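Structure assessment
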Amino acid sequence: MYTLLYGFYKYLTRKEEYCVLILGLDNAGKTTYLEAAKTKFTKNYKGMNPAKITTTVGLNIGTITVQGIKLNFWDLGGQMELQSLWDKYYQESHAVIYVIDSNDRDRMEESRQIFDKMIKNHLLDGVPLLILANKQDLPDVMGVRDIKPVFQHSGAEIGRRDCLTIPISALTGEGVDEGITWLVHAIKRNSLMRPPREND
Ligand code: G3D
Ligand code: MG
């Protein structure tokens, strides 16, 4: 009887689990964004002092629970030598967040190139894509209207998937909720193609 009840309890409290990759050039603000998402969606989470965030070597992991589902974020290092590791994670991911430093006009082309390479990979076919034009708190940055055409170039590869580009500031938290809420809907819509992992 206990086993039966325990099994039922487990069934009721189980959580669907999804994996979200956070990609982009080094210094785009990926780790700051992950901290902002954890702060917004985790009760009593104070967040890390942005000054304490250092360059990610390898992998940073964070988990939040939104609308009854668990999102595991993998913040992968963006430096050139780490980019080659990204595709090892594609098959297991349910969504991609691509972070752009809107203040770095010099590296926009470099960012576009690695974005193109990523989006062309068939292991990511159909996977929802959230593009974040980050650092909008700074003056004279490129807006979504300037950034979108740069990445529109990859329109064909973006193809048949949910895709949203929004302005955010990982530092102030502006736009963080909106993006995550959209992402959860997109992941659920795509869950027949990429089913969640069941976990308790
Ligand atoms: P990464 O993980 O993509 O490599 P980080 O990037 O999160 O480490 O951020 C790189 C730098 O950009 C950090 O500054 C961080 O504070 C800053 N940054 C991230 N997001 C924002 C933002 O929305 N607005 C502003 N103004 N700055 C941001 P430092 O000086 O520590 O290198
Ligand atoms: Mg980092």
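Refer to the structure above for everything that follows.
Next up on the list: empty space enclosed by the protein. Under the definition given, this model contains one cavity of 30 Å³ or more. Its volume calculated, the largest cavity comes out at about 80 Å³. L25, D26, N27, A28, V99, I100, D101, D104, R107, M108 and S111 are the residues that line the largest cavity. Sorting the residues of the lining of the largest cavity by element identifies β4 (95-101) and α4 (108-120) as the ones contributing at least two each. Broken down by element, the residue count for the lining of the largest cavity peaks at three residues, all from β4.

A separate point is the pattern of salt bridges. Evaluation of the coordinates by the stated rule reveals eleven salt bridges. Note that K38 is salt-bridged to E35, the shortest N-O span being 3.3 Å. With K38 and E35 both in helix α2 (residues 30-41), this residue pair falls three residues apart, about one helical turn. Residue E35 is classed as buried on the basis of its relative accessible area, which comes to 9%. A salt bridge links D177 to K40, with the nearest nitrogen and oxygen atoms 3.5 Å apart. Of the two residues, D177 sits in helix α7 (residues 176-189) while K40 sits in helix α2, which places them 137 residues apart along the sequence. Through salt bridges with shared partners, one network takes in D26, R107 and E110.

Our focus in this paragraph is the nonpolar core. Residues Y33, L71, F73, I97 and I180 are the most contacted members of the largest nonpolar core, which totals 28 residues. For this core, the secondary-structure elements that each account for two or more residues are β1 (15-23), α2, β2 (59-66), β3 (69-76), β4, β5 (129-134) and α7. Looking at this core element by element, the count peaks at seven residues for α7. Residues contacting L71, with those up to four places away along its chain left out, are Y18, V20, G62, T63, I64, V66, I180, V184 and I187.

Moving on, we come to the packing of aromatic side chains. This structure, assessed with the given rule, holds four aromatic pairs. With centroids separated by 5.4 Å and ring planes inclined at 65 degrees, the aromatic side chains of W74 and Y89 adopt a geometry described as edge-to-face. Of the two residues, W74 sits in strand β3 while Y89 sits in the loop between α3 (80-83) and β4, which places them 15 residues apart along the sequence. Using a relative accessible area of 24% as the deciding quantity, one classes Y89 as partly exposed. Between Y98 and F151, the aromatic rings sit 6.1 Å apart at their centres with planes inclined by 55 degrees, giving tilted as the arrangement. Within this pair, whereas Y98 is found in strand β4, its partner F151 is found in helix α5 (residues 144-152), the two being separated by 53 residues in sequence. An identical accessibility class is assigned to Y98 and F151; each is buried. Each residue in the set Y98, F115 and F151 is aromatic and connected to the rest through ring pairs, giving one cluster.

The rules we used
Residues numbered from 1 in each chain as written. Chains lettered and ligands numbered in written order. Predicted model: local features only at pLDDT ≥ 70, side-chain atom pairs only at ≥ 80, totals over all residues. Heavy atoms only, no water. 1 Å grid on protein atoms, 1.4 Å probe; cavity = no way out; pocket = protein on both sides within 12 Å on 5 of 7 lines; lining within 4 Å. Points joined across faces, edges and corners; volume = space filled by probe spheres on them. Helix = DSSP H or I, 4+ residues; strand = E, 2+ residues; numbered from the N terminus. Salt bridge = Lys/Arg side-chain N within 4 Å of Asp/Glu carboxyl O. Buried < 20%, exposed > 50% of the residue type's maximum accessible area, 1.4 Å probe, protein only. Core = buried A, V, L, I, M, F, W, Y, C linked by side-chain atoms within 4.5 Å. Contact = heavy atoms within 4.5 Å. Phe/Tyr/Trp six-rings, centres within 6.5 Å; stacked < 30°, edge-to-face > 60°.

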